[in-house]
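What follows is the residue order along each chain.
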Amino acid sequence: MRFDLLTIFPEFFSGPFDFGIVKRARQQNLIEVVVHDLRSFTFDRHHIVDDRPFGGGDGMLLKPEPIFLAVESLLAEGAQLPSEKPAAVVLLSPQGRLFTQAEAVRFACDHSRMILICGRYEGVDERVAEHLITDEISIGDYVLTGGEIPAMVVVDAVTRLLPNVLGSDTSAIHDSFSDGLLDSPHFTRPAQFRDWAVPDVLISGHHAEVAKWRRKAALRKTLLMRPDLLVKAELSDLDRQWLDEFRKTLKPEESFEKD
Ligand SMILES: C[S@@+](CC[C@H](N)C(=O)[O-])C[C@H]1O[C@@H](n2cnc3c(N)ncnc32)[C@H](O)[C@@H]1O
């Protein structure tokens, strides 16, 4: 996967991709991350990328011309090989579709290139959303000062889903959201820390019992923290039975489920 990041602050990205799994993926050429300065796609002396909004109002907007030019020249320069999957052109925006694990999987599977446009100021001229991009993506219902941090989130989440990026010891299949539930809680040594011991079953060596405990614990944690996920999760009759048992043990203040 090749990631092209379009930003007015290229220095923002010095560092975040130089650690851990993403660094290793770059070193192994499993991903390539290229940062482009939007100002280098301007022709005026001052490299202006923003302007005032028509109709008045606070703040400035990123102009359409440098963004169109940047995306079009990137797409032309990297002429697609027949074997490659199409490029996704993504605008990071609080008004976009919510970025979920399912979206990350979709990008990882369906594309071999992602061009990520980082907005700034009051946002981006709407013609970019209307006529240039394939996806408008939000990382959550809050407003950040720019699209650089959302772009990092997308690069990180997509990268770890690409083939050969995670070792078999850190496979993504048990991660939260992969099967519609949160991940089960995890413990490591020491088995006894202060007054708190890890659940006996986890040190029993009984794999079937451990698997059962993990499924129950994942259901319980999802019920407690994200009951909204249970509506869409694929649940067996036994899962539902366990959930009913958990519900009976919940104190009223622990329940976030809607009636
Ligand atoms: C201050 S925001 C603009 C907010 C815009 N006026 C609005 O209310 O929808 C500036 C830029 O930050 C990025 N941004 C802010 N919050 C975001 C979010 N939740 N998800 C993705 N990008 C975001 C976008 O690229 C956006 O163009």
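Residues numbered from 1 in each chain as written. Predicted model: local features only at pLDDT ≥ 70, side-chain atom pairs only at ≥ 80, totals over all residues.

Overview of the site of the ligand
We count it as follows: Note on definitions: a residue is near a molecule or strand provided its C-beta atom, placed from the backbone, lies within 6 Å of it. Secondary structure elements follow DSSP: runs of H or I no shorter than four residues count as helices, runs of E no shorter than two count as strands, and numbering proceeds from the N terminus. Each residue gets one label: Ala, Val, Leu, Ile, Met, Phe, Trp, Tyr, Cys and Pro are nonpolar, Asp, Glu, Lys and Arg are charged, and the others, such as Gly, are polar.
As a structural note, the neighbourhood of the ligand is formed by 20 residues, with Leu92, Gly119, Leu144, Gly147 and Pro150 the closest of them. Among the elements that take part in the shell around the ligand, strand E5 (residues 87–98) stands out by supplying 4 residues, more than any other. For the shell around the ligand, the residue count by class is 9 nonpolar, 9 polar and 2 charged.

Focus on the environment of Val71
Heads up, the condition is: Comment: burial labels come from other C-beta atoms within 10 Å of the residue's own C-beta, placed from the backbone, where a count of 20 or more is buried, 12 or fewer is exposed, and between is partly exposed.
Locating Val71 in the fold gives a position in helix H2 (residues 64–77). Residue classification places Val71 among the buried positions, given that 22 C-beta atoms sit within 10 Å. Counting along the chain gives 114 residues from Val71 to Pro185, while the straight-line C-alpha distance between them is 43 Å.

Description of the domain arrangement of the chain
The criterion, for reference: For the domains described, the bounds stem from an automatic or database domain assignment.
The domain architecture assigned to the chain consists of domain 1 (2–159) and domain 2 (176–254). A separation of 37 Å is found between the C-alpha centroids of domain 1 and domain 2.

Examining helix H7 (residues 237–249)
Let me state the cut-off plainly: To estimate the expected span of a helix, subtract one from its residue number and multiply by 1.5 Å.
For H7, built from 13 residues, the straight-helix expectation of 18 Å at 1.5 Å per residue is met to within 8% by its first-to-last C-alpha distance of 19 Å. Counting buried residues in H7 gives 1 out of 13 residues, a small share hidden from the surface.

Considerations on the sheet that holds strand E1 (residues 2–7)
Selection rule: Only strands joined by at least two bridges in the DSSP assignment are considered to pair. What counts as an axis is a line fitted to C-alpha atoms, over the stretch in contact for a helix, and the angles between N-to-C directions run from 0 to 180 degrees. By definition, residues are in contact whenever their C-beta atoms, placed on the basis of the backbone, come within 7 Å of each other.
Spatially, the 5 strands line up as an open sheet ordered E2-E1-E6-E5-E7, and their pairing is parallel. Edge positions in the open sheet fall to strand E2 (32–37) and strand E7 (135–138), since each of these has one partner strand only. Recorded for the sheet is a direction-independent mean angle of 30 degrees between the axes of neighbouring strands. Strands in contact with helix H5 (residues 148–159) are E1, E2, E5, strand E6 (113–118) and E7; relative to E6, the strand with the most contacts, it is inclined by about 160 degrees.

Looking at helix H6 (residues 207–225)
The end-to-end C-alpha distance of H6, which contains 19 residues, comes to 26 Å, matching closely the 27 Å that a straight helix rising 1.5 Å per residue would cover. Within H6 the residues assigned to the buried category are Ala218, Leu219, Arg220, Thr222 and Leu223. In this structure, the buried residues of H6 make contact with H7.

Thoughts on the pairing of E6
Here is the rule we go by: Look down the strands so they point away from you; if going from the first strand over the helix to the second traces a clockwise path, that crossover is right-handed.
In terms of burial, E6 is a largely internal element, 5 of the 6 residues being buried. In the sheet, E1 pairs with E6 via 5 bridges, with the strands oriented parallel. By the bridge assignment, Leu5 is partnered in E6 with Leu116. Pairing of E5 with E6 involves 6 bridges; the strand directions are parallel. Pairing of Val90 across the sheet is with Leu116, part of E6. Assessed by its sense of winding, the connection that carries the chain from E5 through helix H3 (residues 101–110) to E6 is right-handed.

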